[in-house]
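# Chains, contacts and geometry: an overview
The residues making up each chain are set out below.
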Amino acid sequence: VANRLADETSPYLLQHKDNPVDWYPWSDEALERARREDKPLLVSIGYSACHWCHVMEHESFEDPAVAALMNDLFVNIKIDREERPDLDSIYMSAVQAMTGHGGWPLNVFLTPEGVPFYGGTYFPPDDRMGMPSWPKVLEAVSGTFTTRREDVEESAAGIRDYLDRANGATPNPSPLRTEIFDQALAALHQSFDDRNGGFGGAPKFPQASAFLALLRIWRRSGDPRARTMLETTLDRMARGGIYDQVGGGFHRYAVDEIWLVPHFEKMLYDNAQLALVYLEAFQAFGDPRWARIAGETLDYVVREMTGPDGRFYATQDADSEGEEGKFYVWTPEELAEVLGVERAAPSAPTMGCGRAATSRAIRSSTSSAKATATRPRSGWTRRRSTRLGSSSTTSEPAASGRARRQSDCGLERDDVARVRPRLARPGPARLPRRCRAERRIPPVRNAARRQAAALDQGRRRQDRRLPGGLRQRRRRPARAARGDTRRAVAARGARPRRDDGRRVRRSGGGGILRHGLPAPSRSSPARAISRTGRPRPATASPPTCCCGSGR
Amino acid sequence: MTGDERLTGLAEGILAALARPMADQPLGFGRFLTALDFHLSAPVELALAGPAR
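Given the structure is predicted, the values throughout are model-derived calculations rather than measurements. (Residues numbered from 1 in each chain as written. Chains lettered and ligands numbered in written order. Predicted model: local features only at pLDDT ≥ 70, side-chain atom pairs only at ≥ 80, totals over all residues. Heavy atoms only, no water.)

## Some words on the interface of chain A and chain B
A common way to state how big an interface is: give the accessible area lost once the parts meet. Where we set the bar: It only takes one pair of heavy atoms within 4.5 Å for two residues to be counted as in contact. Summed over both partners, the accessible area lost on bringing two parts together, with a 1.4 Å probe, is the buried area. By definition, a salt bridge exists where a carboxyl oxygen of Asp or Glu is found within 4 Å of a side-chain nitrogen of Lys or Arg. Residues adjacent in sequence count toward polar contacts only when both atoms are side-chain atoms; beyond that, a polar contact is any pair of N or O atoms within 3.5 Å, and within protein one must be able to donate a hydrogen and the other to accept it. Note that Gly is not counted as nonpolar here; it falls among the polar residues with everything else outside the nonpolar set of Ala, Val, Leu, Ile, Met, Phe, Trp, Tyr, Cys and Pro and the charged set of Asp, Glu, Lys and Arg.
Facing 27 residues of chain A, the contacting portion of chain B comprises 21 residues. Carbon and sulfur atoms make up 66% of the surface buried where chain A meets chain B, a total of about 2,000 Å² over both sides. Area buried by chain A at its contact with chain B is led by Leu-176, Ile-180 and Phe-181 of chain A, which between them contribute 28% of it. Counting the contacts that link chain A with chain B gives two salt bridges. With a shortest N-O distance of 3.0 Å, Arg-220 of chain A and Asp-37 of chain B are connected by a salt bridge. Run the count over chain A and chain B and you get six residue pairs in polar contact (both at pLDDT 80 or more). Its residues placed into classes, the side of chain A that touches chain B shows 14 nonpolar, eight polar and five charged.

So this is what it looks like as structure tokens:
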């Protein structure tokens, strides 16, 4: 029997409509029930293209025993972050403050008043990788809520105070001088990975806006550090598995520091911005490789991310036919099947495609940096075309349309339009028809349009109540809505603010229950909560195995 | 595009408020740095010459 999510329009919520979990959409009904029954709320946030959201659903939310536990102990709410980015932002901030990291699926526990007191990301169905099992987390959270209510309330007040401070801070204005660029460059250089490009360590996200800023800093100052950072990063990304070597376009991020193993979902906003980055790098440095990457990325967007009416899809799922990265991972046998044995032989090492220690040969159409540097261009291009033809005709990624969402044709459309004329090359990167987002969309004729129309209707219908009983005005821009929501969370607290010494710290804090969870290597439950409810410094972070937050 | 000075003032106010974070945490303020570059750059004047029609 379908649950309450069956009446929703969000693709992500609809993915959970057959779960035995008694999910509520974000609604007054759920909040009222939590208050009436004095039960904590479990808010679970994700999006339709997110691989680890699917994994947690299959492992835990589809399990009748786990669902029974969830239904018994909590009032359960599912949120699509693409539908409610304002709520996602609040609870992501809270979990980052508690644990020092974030990502999706995001699972956060709230008091019946709607204030977060514990949270995390992906949890396995049994103790694994230093993480406690999801059922143990549920029981520990519920037990603490029942037996140590005062501590929970105190922790929640601290988190509410943190959110209040984080959103209410007003920075001091400073003069606008070019020295800002010098300082920014120095800061970027400090976190730059000389060997692999990018900033910091794993996981690595393509930070397009920082690359665009670096280009401008280089043009302004001529500082060779800026150019080196850019060229190294663009080179490593273009050679890595984060770039789809066959179909073009960038995956969302790499789980490692060498850009090799990606999380396979592709986002429109990443590809629109990265096409612009590579194009501007080509304009600045004249390297034709960057023009090729920009062109291939735009070709991909036009081929697979553009709907029949000219509007863009927002995401492409990491999973295809139920398997993570199925269309992007090549075994030697598959290569030989497409290219023939003779042509596959030289291709395989170039692509890093060989037998690996893992159960799946090797993951990718990826090329190692060393191998790619010496690859024969003309032969490679021909083989690439052959493989692309193969993937398009036999198992095209576009077929996995369940997770796609229509974009609003804002930034992305502008970026694509800006890049196209600068390429000055003939090719397929041409938008089929002008985007009609500014005008009224004509009557619905196909599935994608039906979905978009349903979303619009749903938004009009939706009674957007926010924590604290405030109501969000319809169609208000997301930024304003987010601010209002945060204020709503903060305003409800009657508790006095803590002094600086007791405020929640953004990084490090373990959250009220972190040390109390029955993790194999964690502290004993007896030390579950510090006396003050003050977050403790984090112990070692669990492995990043959810869709990490790019913030 | 509009020549409206009020818009310039608003933009300057936002940039000035975020000048410190832009310098200290550039990874989070890439677009702001791009806007600042645009703001601090001298305008380029183009003259199109040709016969009047």
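Still to come is the rest of the account.
## Some words on helix H8 (residues 179-191) of chain A
Which entries qualify depends on this criterion: In this description a helix means any DSSP run of H or I spanning at least four residues, a strand means any run of E spanning at least two, and both kinds are numbered starting from the N terminus. Multiplying 1.5 Å by the residue count of a helix minus one yields the expected span of that helix.
For H8 of chain A, built from 13 residues, the straight-helix expectation of 18 Å at 1.5 Å per residue is met to within 8% by its first-to-last C-alpha distance of 19 Å. On its buried side, H8 of chain A packs onto helix H9 (208-221) and helix H10 (224-239) of chain A together with helix H2 (19-24) and helix H3 (30-40) of chain B.

## As for the environment of Val-1 of chain A
As for its position among the elements, Val-1 of chain A is in the segment before helix H1 (11-15). In the structure, Val-1 of chain A is positioned 17 residues away from Asp-18 of chain A in sequence and 6.6 Å away in space, judged by C-alpha atoms.

## As for the confidence of the model for chain B
All names here are of chain B. Test applied: Across the chain, each position has a pLDDT score giving the predictor's confidence in that residue, from 0 to 100.
Averaged over all residues, the pLDDT of chain B is 91; the fraction at 70 or higher stands at 100%. Ranking the elements of chain B by mean pLDDT puts H2 last, at 90, and H3 first, at 96. Two numbers describe this predicted complex: its pTM, 0.57, and its ipTM, 0.90.

## Focus on the packing of aromatic side chains
Residue and element names in this part refer to chain A. Counted only if it meets this: For Phe, Tyr and Trp, where Trp contributes only its six-membered ring, two rings pair if their centres lie within 6.5 Å, and the inter-plane angle classes them as stacked under 30 degrees, edge-to-face over 60, or tilted in between. Under the scheme applied here, a residue whose accessible area is under 20% of the maximum for its type counts as buried, over 50% as exposed, and between as partly exposed, the area being computed with a 1.4 Å probe on protein chains only.
Throughout the structure, instances matching the rule amount to 19 aromatic pairs over all chains. Taken together, a centroid distance of 6.3 Å and an interplanar angle of 75° make the contact between Phe-61 and Trp-134 edge-to-face. Of this pair, Phe-61 sits in helix H3 (residues 51-61) while Trp-134 sits in helix H6 (residues 134-147), and the two are 73 residues apart along the sequence. Taken individually, Phe-61 and Trp-134 each receive the classification buried, so the pair is uniform in this respect. Ring plane angle 55° and centroid distance 4.7 Å describe the contact between Tyr-243 and Phe-250, whose orientation is recorded as tilted.

## Focus on the sheet that holds strand E2 (residues 75-80) of chain A
All names here are of chain A. Here is the rule: Two strands qualify as a pair provided that DSSP identifies no fewer than 2 bridges between them. Comment: axis = line fitted to C-alpha atoms, over the contacting stretch for helices; angle = value between 0 and 180 degrees taken between N-to-C directions.
Within the open sheet, the four strands sit side by side as E2-E1-E4-E5. Their pairing is mixed. Only two strands of the sheet have a single neighbouring strand rather than two, namely E2 and strand E5 (116-120). The mean inter-strand angle of the sheet, taken between neighbouring strand axes irrespective of direction, is 20°. Sheet analysis places strand E1 (residues 41-46) next to E2, joined by six bridges and oriented parallel. If you follow Val-43 over to E2, its bridge partner there is Ile-77.

## So, the packing of helix H13 (residues 332-339) of chain A against helix H14 (residues 341-350) of chain A
Residue and element names in this part refer to chain A. Keep this limit in mind: Should an angle fall under 35 degrees it is called roughly parallel, over 145 degrees roughly antiparallel, and 65 to 115 degrees roughly perpendicular, with every other angle called oblique. Take the far helix as the reference: if the near one is turned anticlockwise from it by less than a right angle, the crossing is left-handed, and if turned clockwise, right-handed.
Running from N to C, H13 and H14 cross one another at 135°; their axes reach a closest spacing of 7 Å. Accordingly, the angle class assigned to the pair H13 and H14 is oblique. Our pair here, H13 against H14, has a crossing hand that is right-handed. On H14, the residues touching Leu-335, Ala-336 and Leu-339 of H13 are Val-341, Arg-343, Ala-344, Ser-347 and Ala-348. Among the residues making up the contact of H13 with H14, the classes are represented as six nonpolar, one polar and one charged.

## Examining the environment of Thr-111 of chain A
Residues and elements named next belong to chain A. Structurally, the position occupied by Thr-111 is in the loop between strand E4 (106-110) and E5. Overall, Thr-111 belongs to the buried group, its relative accessible area being 2%. Residue contacts for Thr-111: discarding those within four places in its chain leaves Leu-41, Phe-117, Phe-145, Val-152 and Ala-156.

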